[in-house]
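Each chain, written out:
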Amino acid sequence: MKHLFPYILGGAMLVTAAGCNKLDQAPYGSAIVSGQYYTSLEQCNTSTMVAYRYINYSSWWEILNWRYLAGEAASDNGWVGNTYQSHATYDAVAHFTLDAGNDRNEAQWVDLYKSIGRFNSTIAGITGAPIPEASKKQFIAELKFLRAWCYFDLIRNWGPVPLVLEIYPPNTHLPRSSVQDVYNQIEKDLDECIATLPKKSAYPQADRFRASRGAALTLLAKASLYMENWPKAESLAKMVIDEGDYNLEAQFSTLWQYTYRNGVESIFEIQNGSSQVPALPNNDFQKVLNSPGDAGWGYYSVSSDLENAYKSEGDSIRLQWTINRHGLPVAGDPNTPSFDGRPFPASSHSKSARYSRKHYTPKAERPANGLSSLNDKILRFADVLLIHAEACAMQQKTGEALGSLKRVRDRVNLTTDMSLTGWNLINAVRKERRLEMAYEGDRLYDIRRWKDQSGKPVISSIMGPQGSFVIYNTQVSTDPFETKNTTEAQNKGFNFKENTHMRWPIPANQLLLSEGAIQQNPGYF
């Protein structure tokens, strides 16, 4: 049976009938709403599990593509990378030259609201279903967790955004709600999740991909960090630490093994599979973030600046499990003693000849059909420890901050200077976050939200004409790969302007569709 579902399209909030999509088995397929469908516990459970597909919408170029384009390539961690094809709108994002007509920026906005519309529709269907109240509350809480994640991503990209919590009639135009109002809704939804959802350990093993109490605590802790509510971020992170469900994997490398799924460090992952019958979502980033020399697409190559950050810390473990560099062996893959990063002027050349090891699958483990089942890690326990360390450091709770920082560094055999205090400690936590979480989609948002001792955004000292990343690449670097390939401009970040690029532009089409209900962010036209 096929089902129609309404979804809310971007800032215009137009309710549209989507194409008929066949319902697949959970947790994959298309979200559904039908007056005849929500009549049993099984149907409500299936529709909830189906909704997890839409945390990254449905394919590589939608939500997860932006995670790496904006979160990493627009930061000092990476480049657009693919220098043998034309992709002007990608370059415009990473180099801060985009305008409101940028299609990648618009795709992210639209797909997040489409996801929110699907979650709202499923909530509405389950709300009226004749099922036990406890099950109903859990399903709705799971959907509100997914919706909260989307709103968290919306406000850290665009600031104030329309707050859509129900299904509206056609041609409804909603104004932007303040960041504080959106955060308040995120908090309200996640408080409900915390009170309702089971712990991860309470789920059957097969269901441990589902949103849990720990996932809701972690997302709210992270959102509180972005809002600079240090006491709340500290308290929530400490609750996760004390929850008992999570710990660091003994080896950093374990996280990036192809077979790793929902382990003790995992708090929330997007599930992927390699099956074609039945068809399951697969992880295209095995290809997208890999070298053309290894059948990849060559996007989002890693910067030498990030490599230097590992080397300056003596961090050899995370270096080899985060970066595959041309000519060097790939960690954990004996079949690749010399990685082909395709430096310029090779065919299908790369800006930096370095790619993410975190998204790489060893050759002997790749499915014959070429589809990767590597999960996408969205929230993990090391992130919680660093949230706790940062929140404590910002409150001058030195001992507590050092304790969480040390746990992360101990795993990769790095000593921790236990005499650090004040800004030295804050900066040590920030550097640790870069090294631990590189290529997991947070770097741009971290350097945007962090402020230096004078109160200026940290990104302003990294990007812009006098930014450290720009000066390094244009005046200091002798990197044998990046400096010889100027197909992607070496001065990436030069065009950054603090009064404009702390947020992305509201997509031009959404402004037109809103008929004046939505106003543009400053600095964009």
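Residues numbered from 1 in each chain as written. Predicted model: local features only at pLDDT ≥ 70, side-chain atom pairs only at ≥ 80, totals over all residues. Heavy atoms only, no water.

## Overview of the pairing of strand S5 (residues 266–270)
Okay, so step 1: Counting buried residues in S5 gives five out of five residues, a clear majority hidden from the surface.
Okay, so step 2: Of the strand pairs in this sheet, S5 and strand S8 (residues 376–380) are connected by four bridges, and their pairing is antiparallel. Each bridged residue has a counterpart across the sheet, and for Phe 268 the counterpart in S8 is Leu 379. (Buried < 20%, exposed > 50% of the residue type's maximum accessible area, 1.4 Å probe, protein only. Helix = DSSP H or I, 4+ residues; strand = E, 2+ residues; numbered from the N terminus. Pairing = 2+ DSSP bridges.)

## Considerations on the packing of aromatic side chains
Okay, so step 1: Tallied over the entire structure, the rule returns 17 aromatic pairs.
Okay, so step 2: Each ring, one from Tyr 52 and one from Phe 209, has its centre 5.3 Å from the other, and the planes form 85 degrees; the classification is edge-to-face. Within this pair, whereas Tyr 52 is found in the loop between helix H1 (41–51) and helix H2 (63–73), its partner Phe 209 is found in the loop between helix H6 (179–196) and helix H7 (213–226), the two being separated by 157 residues in sequence. As far as burial versus exposure is concerned, Tyr 52 and Phe 209 are alike and both buried.
Okay, so step 3: Summarising the aromatic geometry, the rings of Trp 66 and Trp 504 are spaced 5.7 Å apart at their centres and angled 75 degrees between planes, so their arrangement reads as edge-to-face. One end of the pair, Trp 66, is in helix H2; the other, Trp 504, is in the loop between helix H18 (498–501) and helix H19 (508–513), and 438 residues separate them in sequence.
Okay, so step 4: Overall, Trp 504 belongs to the buried group, its relative accessible area being 0%. (Phe/Tyr/Trp six-rings, centres within 6.5 Å; stacked < 30°, edge-to-face > 60°.)

## Considering the packing of helix H10 (residues 304–313) against helix H14 (residues 422–437)
Okay, so step 1: H14 packs onto H10 with a crossing angle of 115 degrees between their chain directions and a minimal axis gap of 10 Å. Note that H10 runs across H14; the crossing there is left-handed. Here H10 contributes Asp 305, Leu 306, Ala 309, Tyr 310, Ser 312 and Glu 313 to the contact with H14, which in turn contributes Lys 431, Arg 434 and Leu 435.
Okay, so step 2: Of the residues that constitute the contact of H10 with H14, the class distribution is four nonpolar, one polar and four charged. (Axes fitted to C-alpha atoms, helices over the stretch in contact; angles between N-to-C directions. Left-handed = near helix turned anticlockwise from the far one by under 90°. Contact = heavy atoms within 4.5 Å. Nonpolar A, V, L, I, M, F, W, Y, C, P; charged D, E, K, R; others polar.)

## Considerations on helix H12 (residues 381–394)
Okay, so step 1: Relative to the 20 Å expected for 14 residues at 1.5 Å per residue, H12 spans 20 Å between its end C-alpha atoms, a close match to the ideal helical length.
Okay, so step 2: The buried fraction of H12 is high, at 13 of 14 residues.
Okay, so step 3: Trailing H12 by a residue or two, Gln 396 shows a phi angle of about 60 degrees, which is positive. (Expected span 1.5 Å × (residues − 1).)

## Here we look at unusual backbone geometry
Okay, so step 1: The omega angle of the peptide bond from Phe 344 to Pro 345 is 10 degrees, so this bond is cis rather than trans.
Okay, so step 2: With respect to the helices, strands and loops of the structure, Pro 345 is situated in the loop between strand S6 (323–325) and strand S7 (354–356).
Okay, so step 3: Of note, Asn 171 is a non-glycine position whose phi angle comes to about 65 degrees, a positive value.
Okay, so step 4: Take Asn 171: it is sitting in the loop between helix H5 (133–158) and H6.
Okay, so step 5: Note on Asn 171: relative accessible area 56%, which makes it exposed.
Okay, so step 6: Positive phi values are uncommon outside glycine, yet Glu 515 reaches one of about 55 degrees.
Okay, so step 7: With relative accessibility at 65%, the residue Glu 515 sits in the exposed group.

## Digging into the side chain of His 388
Okay, so step 1: As for its placement among the helices and strands, His 388 is situated in helix H12.
Okay, so step 2: Given the relative accessible area of 5%, His 388 is considered buried.
Okay, so step 3: A polar atom in the side chain of His 388 sits 2.7 Å from the side chain of Ser 404.
Okay, so step 4: Among residues more than four places away in sequence, those in contact with His 388 are Glu 234, Ala 237, Lys 238, Ile 241, Glu 400 and Ser 404. (Polar contact = N/O pair within 3.5 Å; in protein donor to acceptor, adjacent residues only side chain to side chain.)

## Let's talk about the pattern of salt bridges
Okay, so step 1: Enumeration according to the criterion identifies 44 salt bridges in this entry.
Okay, so step 2: The partner of Arg 318 in a salt bridge is Asp 315, and the shortest N-O contact between them spans 2.6 Å. Like Asp 315, Arg 318 is buried.
Okay, so step 3: A salt bridge links Arg 342 to Asp 340, with the shortest nitrogen-to-oxygen separation between them at 3.1 Å. (Salt bridge = Lys/Arg side-chain N within 4 Å of Asp/Glu carboxyl O.)

## Some details on the nonpolar core
Okay, so step 1: Counting 122 residues, the largest nonpolar core has Phe 145, Tyr 151, Tyr 300 and Trp 504 as its most contacted members.
Okay, so step 2: Here this core gets 14 residues from one element, more than from any other, and that element is H5. (Core = buried A, V, L, I, M, F, W, Y, C linked by side-chain atoms within 4.5 Å.)

## Regarding the side chain of Thr 48
Okay, so step 1: For Thr 48, the position within the fold is in helix H1.
Okay, so step 2: Residue classification places Thr 48 among the buried positions, given a relative accessible area of 0%.
Okay, so step 3: Polar side-chain contacts of Thr 48 include one of 2.9 Å to the backbone oxygen of Cys 44.
Okay, so step 4: Thr 48 has contacts with Ile 126, Phe 139, Glu 142, Leu 143 and Arg 210, leaving out every residue within four places of it along the chain.

## Considerations on the packing of helix H4 (residues 103–127) against H5
Okay, so step 1: Running from amino to carboxyl end, H4 crosses H5 at an angle of 160 degrees, the nearest separation of the two axes being 10 Å. In this view, H4 runs roughly antiparallel relative to H5, as classed from their interaxial angle. In this structure, H4 meets H5 at a crossing whose hand is left-handed.
Okay, so step 2: The residue inventory of the contact of H4 with H5, partitioned by class, reads 15 nonpolar, six polar and four charged. (Parallel < 35°, antiparallel > 145°, perpendicular 65-115°, else oblique.)

## Describing the confidence of the model for the protein chain
Okay, so step 1: Per-residue confidence for the protein chain averages 90 on the pLDDT scale, and 90% of its residues sit at or above 70.
Okay, so step 2: Segment residues 1–33: pLDDT under 50, and 112 contacts once partners within four positions in sequence are set aside and those in other chains are kept. (pLDDT = per-residue confidence, 0-100.)

## Topic: the environment of Pro 334
Okay, so step 1: Within the element layout of this structure, Pro 334 appears in the loop between S6 and S7.
Okay, so step 2: Pro 334 gets classed as exposed once you look at its relative accessible area, which sits at 74%.
Okay, so step 3: Each C-alpha atom of the pair Pro 334 and Lys 363 lies 8.9 Å from the other, and the pair is 29 residues apart in sequence.

## Focus: the environment of Glu 42
Okay, so step 1: Along the polypeptide, Glu 42 turns up in helix H1.
Okay, so step 2: Taking the relative accessible area as the measure of exposure, Glu 42 reaches 62% and is therefore exposed.
Okay, so step 3: Each C-alpha atom of the pair Glu 42 and Ile 131 lies 9.4 Å from the other, and the pair is 89 residues apart in sequence.

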